[in-house]
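# Overview (structure and organization)
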Amino acid sequence: MERFPHILLIYTGGTIGMVKDFKTGALKTFDFDKLIKHIPEINHLNCTIDSYSFDAPMDSSNMNPSAWKFIAEIIEERYDDFDGFVVLHGSDTMSYTASALSFMFENLRKPVIFTGSQLPIGDLRTDAKENLITSIEIASCVKNDKPVISEVCLYFEYKLYRANRTTKINAEQFEAFASPNYPPLAESGVHLKFNTPILYKPTNTSPLRIHKKLNNNIVLLKLFPGITQKVVETMLNIPGNKGVILETYGSGNAPTEPWFINALRKIIQQGIPVVNVSQCSGGSVIMGVYETSVDLQNIGIISGNDITTESALAKLMYLIGEGYNLTSIKKWFETPIRGEISEIPV
Ligand code: ASP
């Protein structure tokens, strides 16, 4: 007898499962069972579905590392019982959560697909149905007895992306996400077309390992022309600071003023990693191309290459949480560990 893939649908919250409060006009979360009732088509898919809902579904603006850990544990506990996982999540911070989970899961060999929607499931013009149904189809895809996808992905508006390459770019259009430095893993049209050569293919057979010790004592410092010495020094020296993501200009450029470079040098000498990530969504940090990044390179700043800010924050929390020293953090940050950066600068 044919065995259908068994999919676990995890509902964390977000617009996809929201309804309008008629008194205030604001969107609020509602019962997950009602969500399923809105999409009877789900029962016609070639898979069997179980669901798990957060007791108190969250708007994704309230997401945090404890909630990420909770999602990881739901999957960990049921990993052997299911062929794939679909996580329904608010779109606002979906790229952060999905990036974090990509680092937390080592040796993942099953699909974990994040999706959500711009309009609630009950809305006539909703994008929720397509996003949900295709995500479940993707999570169910099997070729030669193996899942087609074996990584953490994000599906939205006809495109499947590697999750740790994505960023939310639009709060209005249905096409809410982009993956500026990595092509879509699949596109959904009349057919579901996978871009097979660029999918992650697991090479070892080690069991799934979940890394749960994320350290969120980190700072995101976005440069702007006119940023003051006081702001930079205060942020870098916040008590307990364990790492910095420095959002620089263009291909990783920053002011050359001595006070700026000295402030960075001082914290690096204390063993605190500083990662150079570009404010540009497309392209890569390449330190040393312009004079304005030579000093950064010389004082030991880590190159974020073509990583997104979302992914950089998650990767830094993960590497610090694992207890690596500065030298190892630099080595691993500059090495792709879950396909989050390109091998060669793009
Ligand atoms: N505010 C919502 C959230 O991120 C938006 C969405 O679901 O798209 O939870």
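Our subject in this report is the structure included herewith. (Residues numbered from 1 in each chain as written. Predicted model: local features only at pLDDT ≥ 70, side-chain atom pairs only at ≥ 80, totals over all residues. Heavy atoms only, no water.)

Tallied over the entire structure, the rule returns 13 salt bridges. Here arginine 3 and aspartate 83 are joined by a salt bridge, their closest N and O atoms 2.9 Å apart. Separated by 80 residues along the polypeptide, arginine 3 in the segment before strand 1 (6-11) and aspartate 83 in the loop between helix 2 (65-78) and strand 5 (84-88) bring together distant segments of the chain. The partly exposed category is assigned to aspartate 83, whose relative accessible area is 21%. In this structure, the salt-bridge partner of glutamate 106 is arginine 209, at a minimum N-O distance of 3.7 Å. Placement of the pair is glutamate 106 in strand 6 (residues 105-106) and arginine 209 in strand 16 (residues 209-210), with a sequence separation of 103 residues. Glutamate 106 gets classed as partly exposed once you look at its relative accessible area, which sits at 23%. Under the relative-accessibility criterion, arginine 209 is labelled partly exposed at 47%. (Salt bridge = Lys/Arg side-chain N within 4 Å of Asp/Glu carboxyl O. Helix = DSSP H or I, 4+ residues; strand = E, 2+ residues; numbered from the N terminus. Buried < 20%, exposed > 50% of the residue type's maximum accessible area, 1.4 Å probe, protein only.)

Lining the immediate surroundings of the ligand are Gly14, Thr15, Asp59, Ser60, Gly90, Ser91, Asp92 and Ser117. For the ligand, an oxygen atom lies 2.7 Å from a polar atom in the backbone of threonine 15. In this structure, aspartate 59 approaches the ligand through a side-chain N or O atom, which is 3.0 Å from a nitrogen atom. When the free accessible area of the ligand is taken as 270 Å², the share hidden by the protein chains comes to 89%. For the shell around the ligand, the per-class residue count stands at no nonpolar, 6 polar and 2 charged. (Near = heavy atom within 4 Å. Polar contact = N/O pair within 3.5 Å; in protein donor to acceptor, adjacent residues only side chain to side chain. Areas by Shrake-Rupley, 256 points an atom, 1.4 Å probe, with all protein chains shown as cover. Nonpolar A, V, L, I, M, F, W, Y, C, P; charged D, E, K, R; others polar.)

For the rest of this paragraph, the subject is the sheet that holds strand 20 (residues 302-303). With parallel pairing, 4 strands are arranged side by side in an open sheet as 17-18-19-20. Every interior strand has two partners, whereas the edge strands, strand 17 (218-222) and strand 20, have only one. Relative to strand 19 (residues 274-278), strand 18 (residues 243-248) runs parallel, the two sharing 5 bridges. Its bridge partner being in strand 19, isoleucine 245 is matched across the sheet by valine 275. With respect to the sheet, helix 8 (residues 309-321) is in contact with strand 17, strand 18 and strand 19, its orientation differing from that of strand 18 by roughly 160 degrees. (Pairing = 2+ DSSP bridges. Contact = heavy atoms within 4.5 Å. Axes fitted to C-alpha atoms, helices over the stretch in contact; angles between N-to-C directions.)

A few words on the packing of helix 3 (residues 94-104) against helix 8. At a minimum axis distance of 8 Å, the contact between helix 3 and helix 8 shows a crossing angle of 40 degrees. By the angle between their axes, helix 3 is oblique relative to helix 8. The hand of the helix 3/helix 8 crossing is right-handed. For the pair helix 3 and helix 8, contact is made by Ser95, Tyr96, Ser99, Ala100 and Phe103 and by Glu310, Ser311, Leu313, Ala314, Lys315 and Tyr318, respectively. Classifying every residue of the contact of helix 3 with helix 8 by side-chain character gives 6 nonpolar, 3 polar and 2 charged. (Parallel < 35°, antiparallel > 145°, perpendicular 65-115°, else oblique. Left-handed = near helix turned anticlockwise from the far one by under 90°.)

Time to look at the sheet that holds strand 4 (residues 48-53). Adjacent strands of a sheet form backbone hydrogen bonds with each other and so pair up, either parallel or antiparallel. Strand order in the open sheet formed by 8 strands is 4-1-5-7-10-11-14-15, and the pairing between neighbours is mixed. What marks the edges here is a single partner per strand, and that holds for strand 4 and strand 15 (192-194). Sheet twist, expressed as the average angle between the axes of neighbouring strands with direction ignored, equals 20 degrees. Helix 4 (residues 128-140) rests against strand 1, strand 4, strand 5, strand 7 (112-115), strand 10 (152-156), strand 11 (159-162), strand 14 (186-188) and strand 15 of the sheet, and its axis sits at about 160 degrees to strand 5.

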